[in-house]
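Letter by letter, the chains look like this.
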Amino acid sequence: MEKMKQAEVKMLRDEEWREEDGLMLKEGKVYVPKDEALRVEIIRLYHDTPMEGHGKQWKTAEIVTRNFWWPGVTREVKRYVEGCDTCQRNKNHTQQPAGKLMPNSIPDKAWTHILADFIPKLPLAQEYDSILVVVDQFTKMAYFVCQKCQLQARIKPTALYQR
Ligand SMILES: [Zn+2]
């Protein structure tokens, strides 16, 4: 029986190719004819199904080429996976996930929590050209301190305590 089956296998061109049950095999893998829809469907079956769960390019290519072959199969898998909408949306981000928003603690006394900001590049007035705004988060009181623009970067905390 085994011999009969072997006799049915037609050797074509060279050792790599043979025909079996109406399928063309190359090195034991099913040759998929030049049919774009069929090739895409095969990749889809080995990539999109819940069992395969959108494997990475190399993984999908490895599974597809276990059973199928056509010229440029790996390249086509790559293109397919790169274009896969689900994969794009679930891509592993190289950035750390953003931490939870941590609101500032709520002050219970005046002048323990302040916010400071500059209003820069104002028209020059008595050699000052910017304003340092300091707001107390508890009372919402604000101080406006005249500044020279070039001092902004080097403002000392003591400038605040003087007020
Ligand atoms: Zn995918």
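Because the structure is a prediction, the values reported are computed rather than measured.

Asks: Before we go on, may I ask you to explain the overall build of the chain in this structure?
Replies: Within the chain, the secondary structure is distributed over 6 helices and 8 strands. Taken from N to C terminus, the helices and strands of the chain fall in the order α-β-β-β-β-α-α-β-α-α-β-β-β-α. For the chain, the proportion of its 163 residues judged to be buried stands at 7%. For the chain, the proportion of contacts with a sequence separation of at least 24, taken over those separated by at least 6, is 32%.

Asks: Help me understand the nonpolar core in this model?
Replies: For soluble globular proteins, nonpolar side chains are generally found buried alongside one another. Among the nonpolar cores identified, the biggest contains 9 residues, and these are V32, I42, I43, Y46, A61, V64, V77, Y80 and V81. At the level of elements, helix 2 (36-45), helix 3 (57-67) and helix 4 (73-82) are the ones that each hand at least two residues to this core. No other element matches helix 4, which puts 3 residues into this core. Residues in contact with V64, not counting those within four places in the same chain, are I42, I43, Y46, V73 and V77.

Asks: Please clarify how the sheet that holds strand 6 (residues 114-119) should be interpreted in this entry.
Replies: One key point about sheets: their strands pair by backbone hydrogen bonds, in either a parallel or an antiparallel sense. The sheet built from 3 strands is open, its strands ordered 6-7-8 with antiparallel pairing. Every interior strand has two partners, whereas the edge strands, strand 6 and strand 8 (142-147), have only one. Pairs of neighbouring strands in the sheet enclose a mean axial angle of 20 degrees, with direction left out of account. Inspection of the sheet shows strand 6 paired to strand 7 (residues 130-136) by 6 bridges, in the antiparallel sense.

Asks: Can you walk me through the pairing of strand 3 (residues 23-26) in this structure?
Replies: Looking along a regular strand, one sees the side chains alternate between the two faces of the sheet. With 4 bridges connecting them, strand 2 (residues 17-20) and strand 3 associate as antiparallel partners. Each bridged residue has a counterpart across the sheet, and for W17 the counterpart in strand 3 is K26. Joining the antiparallel neighbours strand 2 and strand 3 is a turn of 2 residues, in which D21 adopts a positive phi near 50 degrees. Sheet topology note: the strand 3/strand 4 (residues 29-31) ladder contains 2 bridges and is antiparallel. Looking at strand 4, one finds that L25 is bridged to V30.

Asks: Honestly, helix 2 in this entry has me stumped. Any pointers?
Replies: Side chains three or four residues apart in an α-helix point the same way, a direct result of the helix having 3.6 residues per turn. Among all positions of helix 2, only R39, I42 and I43 are buried. Seen along its axis, helix 2 keeps its buried residues to an arc of 100 degrees; they face one direction. The exposed set on the far side of helix 2, more than 90 degrees from its buried face, consists of A37, L38 and E41.

Asks: I'm lost on the environment of I119 in this one. Help?
Replies: Along the polypeptide, I119 turns up in strand 6. Not counting residues within four places of it along the chain, the set of residues in contact with I119 comprises S130, I131 and V133.

Asks: Which parts of the structure should I look at to understand unusual backbone geometry?
Replies: For residues other than glycine, phi is negative in most cases, and the peptide bonds are mostly trans. Backbone geometry places D21, a non-glycine residue, at a positive phi of 50 degrees. By C-beta crowding, D21 is classed as exposed, having 7 other C-beta atoms within 10 Å.

Criteria and cut-off values
- All residue numbers here refer to positions counted from 1 along the written sequence of the relevant chain.
- In keeping with the model being predicted, local features are shown solely for residues with a pLDDT of at least 70 and side-chain atom pairs are shown and tallied solely at 80 or more, while totals for entire chains, interfaces and linings include all residues.
- A run of H or I in DSSP becomes a helix once it reaches four residues, and a run of E becomes a strand once it reaches two; helices and strands are each numbered from the N terminus.
- Partly exposed residues are those falling between the two cut-offs: more than 12 but fewer than 20 other C-beta atoms within 10 Å of their own, whereas 20 or more means buried and 12 or fewer means exposed, with C-beta atoms placed from the backbone.
- By the convention adopted here, residues make contact when the C-beta atoms placed from their backbones lie within 7 Å.
- Among buried residues, those of type Ala, Val, Leu, Ile, Met, Phe, Trp, Tyr and Cys that are joined through C-beta atoms within 7 Å form a set called a nonpolar core.
- Note: two strands are recorded as paired if DSSP finds a minimum of 2 bridges between them.
- Think of each axis as a best-fit line through the C-alpha atoms, taken over the contacting stretch in the case of a helix, with angles from 0 to 180 degrees between the N-to-C directions.
- Arc, as used here, means the arc of the directions from the helix axis to the C-beta atoms.

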